[in-house]
Amino acid sequence: MAKTQKITRAELKKVEHIIKEYGKERWGLIPCLQDVQELLGYIPPELIPHIAEVLGLSPSHVQGVITFYEQLYTKPRGKNIVRVCRGTACHVRGGKTILNLVKQHLDIEEGETSPDFEFTLETVACIGVCALAPNIVINKETHGHMNPKKVAMLFGGKDEK
Amino acid sequence: MEAITITLDKVEVSGYPGMTILELAQESGVTIPTLCNDPHLAPSGACRICLVEEENSGALLASCVTPIRPGMVINTRSPRVIERRKVILQFMLASHPDSCLVCDKGNRCELRKLASEMGIGLLEFHRIPQHHVIQEVNPFIERDLSKCILCAKCIRADQELVVEGAIDYIERGFISKPATLNNMPLENSECTFCGTCIALCPTGALTEKEKTYHGTTTATVDTICPFCGCGCSISLEVKDNRLVRSKPAKESPVNYGTLCARGSYGYDFVHSPERLTSPMVREEGELREASWEEALTRAASEIKRIKEEYGPDSLAVLGSSKCTNEENYLLQRFARSVLGTNNIDNGSRLYNAASRVGLGSSVGFPCSTNSLKELEQSDMIMVIGANPTASAPAVGYAIKRAVRNKGTKLLLVDPRKTRLASSAYLWMKPRIGTDVALINGLAKVIIDEKSYDEEFVARKTDNFEEYAIDLRAYTAEYVEKMTGVPQEEIYLAARILAGNGHMSIVYGNGITQNSTGTNNVIALANLAMLTGNIGFSGGGIYALQRENNAQGACDMGSLPDFLPGYQSLDDSQARKSYGDRWGSEIPENAGLTALEMIEKAEAGTLKGLYIMGENPVLSFPNSSRVRNALSSLEFIAVADLFPTETAKLATVVLPAASFAEKDGTFTNFEGRAQQVRKAIEPPGESLPDWQIILRLAESLERPMPYSSTQGVRDEIEEMIPLYHHLDEFDRDDSDLDDLRGERLGARRFYKGLFPSGFGRFSPVEYIPPESTGGKQYPLTLLTGSVIHHFGSGTRSSRASRLKKFSPQAWVEINNKDAGKLGFSNGENARVVSPAGEVNAVIRTSEELPPGMLFMPISFPESPVNELFGVTTEGQTRTPSLKTCAVRLERTDSNGQDPENHQS
């Protein structure tokens, strides 16, 4: 679902079609942005003036809406979204160590995306599987009872080093 | 509507439903402090300083957004309120730098004021690290967002008042701040530097750059902006006899708290070192300084001599559409009664005569029919031949607000893309010079589809049948062929114009400065009458005036063929009444218009000229011809602020005072006369023009009996029916509806409708424009205003910040044309027409259609009017200064031909 950095012409055409559907409906900004993100994985900043024009809004306003919401992204994200839980239970059961190990393996900081656009690393407040703490979620899969060996198994094969 | 009663600080007060607690408190004289509130902006409840306690429920309510409810018991100063307010302020101060001692906002800072009132000294809260100052090169706005308290007044002003959309909040939480798209410097955004945000910012976050004075000033004077025809109310701040700041005035019936770059930053020309401070006389070919007595004696003796030798009609007077009404009135009295000639005209001849004649003959009155406030209430607006966002910004804002808030349908008619295009419902791009065909075509569709206002036409107008018959030739097919506008657009436009609701037509110099100017205006007036849009709120005709007092100068009779108040010279009764008042006979024959003065000077029949506040060498077409003509006169006196190109040719130069240095009135394009107040003393020996005229009359032994502007104003009020209510300035517009015809401060004549009772349809024929320049001159040049300069640039080029931002003239050319002709952005070029040539820098643009060039009019070093010949339009003897045929040549940086020959 998440794409790599370059947008193809076909994607651009599709995106323009999506945006056009919203016509001059100012209320449609957020659904429109969500649709664009669904297709491209993020909202390219270069598209902002176009979206603004079609919807009848000012570009700075569209930018304001996008930057307000954490889940609307203006940079391309990795193919795999790795979420390390930092909730209470996970913390108590060594979540911080797990996070550091993941960081080492992927060689990126929290909030960053690896240069090959394979991984994006995030921390989240609580996944709700505290019985399996410490936890990691990769895309839609939850991995519980994490330990250094398991971390190495998950990411070792994709190791950049 | 039932009144709602609440208890406010133990007193019972009543208000109407929908009123907020804050509004009721303000009306009742109770002060509730605010930071994010402003009368011109919709309340937002951002700062929470205005919290009040509702004692029944114990709730703390934000009074600026909470509507009153019956039975509320409000305490605006309860201990909880005070405590809460203190905490909020402390939070704000915790993220505010400790630089009060060095901050320019000083005593004007509302945060500081509130904090000190609340007794907040040292802060106990943890400090939050802040944003840096943003580096920008524009000379207008300085942003130090570490001082921003997130009240959003700047954003709301940008989006609600001037509707530019340059800034909005970015991010959220502690890092939230107002920013442009991609957080670029303002000069890389849509910002027009109107200065409204600076006027509203309560802290030092937004301030003017290059301030001449830091801190709080001693005096403010409310007056009227001296630039365009909007007549915005400005508040000038004065310190040590210098103007240091210009802000929108609190009471601003035209501009509602906004201004434009000219109003906000253009005032520095008043302090330009080039100001004339002493009279000068020409001796042995050179101008030298002299005393007032010497200069006036010299002028008087020359005038007397010429009058005796050649007769009074060998003298002429050129009045100023920039000087006050009182001065223009005095000047025309001077011409008629002291000199004995009707040879008087004013600078607005260059663009406004078509309006006067056209509207005068159709609706009976030579002015806009409604106020700007009513434009915002229109359901449909047609803007044709005008670029209000550059030439009359307050009108531009009103139009954009109407589109944004009311869903008004904007019909834009302009071959060039202007800033209004993005707000337009329909944008038609007719070929240049084809306006009459287009307008007639629209009218025909409306008549054919029977969507015109039959009742209005039948009861209130004359001559409809002849008009309708004449329109038969203007079929949509024919119009498409002539104008290039597709038929579907013509039908769509006509349906919009005749649709339900009120329609306003806004037009400007694109309509009037043509060889068919008067016909263009009449065609528009016909259209307005056809759709029944004259004579009530929300519909009407708006004739934009380029200059601040173009309307006033003409109203005052600075015209060769009319006495004050547009009383015709043919009217012997009028001549007698003025003759009696002034103690002399008024000559009967109409005098020379401005351009005829040049022609007669050339021919040798005009010998002497008195010029007040005009610069014909720069503003008239073909300046070399004007220069020669003026040089051949035996006597010229010029009263002006600067040693202009025209002043340099004068026999006697008289230093005049600027708008900030005298009292008087200006009449804006709405017809509203507004008070101009003196803020500082004129520099050196310069004097206000009215005093100069009086002194000159005295030197000619024909003194005029006035000792102050009040005396002149009293006579204006007495003699000119239109200005009967000149003294009632302080009444506000809400009394307007009662008086319908008699507007205060402005003269409105529509007691319901037309002064004569009927509007008149005059059929006008479309005359195709003369064939363009052929192979020699393959491109069409369009001239126009730009927002960061004004008029011919005499004053705005001496305003330091405006000059810095926009230092030199340019010629815009369509991208593709540039490619084809081999020009690139930034190259030097020369624009050549059959009449002359001008140098400019190339700017490629996507906003022009192919084959068209655009040049701004306001750069004295590149006077566009050089390119125009002096052909005048039939009915008004106005030159057509809008378009001409040209070619483009390449030059090197010195404006010379490069070694490889032209393209």
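Each chain carries its own residue numbering, running from 1 in the written order of its sequence. All chains are assigned letters beginning with A, and all ligands numbers beginning with 1, in the order in which they are written. Under the rules for a predicted model, residues below a pLDDT of 70 receive no local features and side-chain atom pairs below 80 are neither given nor counted, while totals for whole chains, interfaces and linings still include all residues. Derived side-chain values reflect all non-hydrogen atoms in the structure, with water molecules and hydrogen atoms excluded from consideration.

## Concerning the packing of helix α13 (residues 435-448) of chain B against helix α19 (residues 517-530) of chain B
Any two packed helices are characterised by how steeply their axes cross, that is the angle between the axes, and by the distance between the axes.
Residues and elements named next belong to chain B.
Turning to step 1, where the next piece is worked out: It is the contact of α13 with α19, at a shortest axis distance of 9 Å, that shows an interaxial angle of 15 degrees. Between α13 and α19, the angle falls in the class roughly parallel. Judged by the twist between their axes, the crossing of α13 over α19 is left-handed. Note on element contacts: α19 touches α13 through N519, N520, A523, L524, L527 and L530, opposite D435, V436, I439, N440, A443, I446 and I447.
Turning to step 2, where the next piece is worked out: Side-chain classes follow a simple rule in which Ala, Val, Leu, Ile, Met, Phe, Trp, Tyr, Cys and Pro form the nonpolar group, Asp, Glu, Lys and Arg form the charged group, and the remainder, Gly included, forms the polar group. Class assignment for the residues of the contact of α13 with α19 results in nine nonpolar, three polar and one charged. Lines fitted to the C-alpha atoms define the axes, with helices restricted to the stretch that makes contact. Angles between their N-to-C directions range from 0 to 180 degrees. A run of H or I in DSSP becomes a helix once it reaches four residues, and a run of E becomes a strand once it reaches two; helices and strands are each numbered from the N terminus. Every angle not falling under 35 degrees, over 145, or within 65 to 115 is termed oblique; those three ranges are roughly parallel, roughly antiparallel and roughly perpendicular. By definition, turning the near helix anticlockwise from the far helix through less than a right angle yields a left-handed crossing, and turning it clockwise yields a right-handed one. In this analysis, two residues are considered to be in contact whenever any of their non-hydrogen atoms come within 4.5 Å of each other.

## Here's the deal with the sheet that holds strand β3 (residues 136-138) of chain A
Residues and elements named next belong to chain A.
Turning to step 1, where the next piece is worked out: When DSSP locates at least two bridges between a pair of strands, those strands are taken to pair. If you trace the four strands from one edge of the open sheet to the other, you get β2-β1-β3-β4, paired in mixed fashion. Edge strands, defined here as strands with exactly one partner in the open sheet, are β2 (119-124) and β4 (141-143). Sheet twist, expressed as the mean angle between neighbouring strand axes with direction ignored, is 20 degrees.
Turning to step 2, where the next piece is worked out: Across the sheet, helix α7 (residues 148-156) lies against β1 (80-85), β2, β3 and β4, angled at about 15 degrees from β3, the strand it touches most.

## Concerning the nonpolar core
Residues and elements named next belong to chain B.
Turning to step 1, where the next piece is worked out: Working definition of a nonpolar core: buried Ala, Val, Leu, Ile, Met, Phe, Trp, Tyr and Cys residues. They are joined through side-chain atoms within 4.5 Å. Relative accessible area decides the class of each residue, using a 1.4 Å probe on protein chains only: under 20% of the type maximum gives buried, over 50% gives exposed, and in between gives partly exposed. Counting 57 residues, the largest nonpolar core has Y329, F334, Y610, M704 and I720 as its most contacted members.
Turning to step 2, where the next piece is worked out: Those residues in contact with Y329 that sit more than four places away from it in its chain are M556, P564, Y578, W582, Y706, V712, E715, I716, M719 and I720.
Turning to step 3, where the next piece is worked out: With 53 residues, the next largest nonpolar core counts I505, V521, I534 and V764 among its residues.

## Looking at helix α7 (residues 292-310) of chain B
Residue and element names in this part refer to chain B.
Turning to step 1, where the next piece is worked out: Expected helix span is computed as 1.5 Å times (number of residues minus one). The terminal C-alpha atoms of α7, which comprises 19 residues, lie 26 Å apart, in line with the 27 Å expected from a rise of 1.5 Å per residue.
Turning to step 2, where the next piece is worked out: Listed as buried for α7 are W292, A295, L296, A299, A300, E302, I303 and I306. Take α7 and look down its axis: the buried residues cluster within an arc of 165 degrees, on one side only. Residues of α7 that are exposed and point more than 90 degrees away from the buried face comprise E293 and E308. Note that the arc is computed from the directions linking the helix axis to the C-beta atoms.

## Regarding the environment of P683 of chain B
Residues and elements named next belong to chain B.
Turning to step 1, where the next piece is worked out: Looking at the element boundaries, P683 is found in the loop between β29 (673-676) and α25 (689-699).
Turning to step 2, where the next piece is worked out: Counting along the chain gives 28 residues from P683 to P655, while the straight-line C-alpha distance between them is 9.2 Å.
Turning to step 3, where the next piece is worked out: Dropping the residues within four chain positions of it, P683 is found in contact with R275, T277 and E661.

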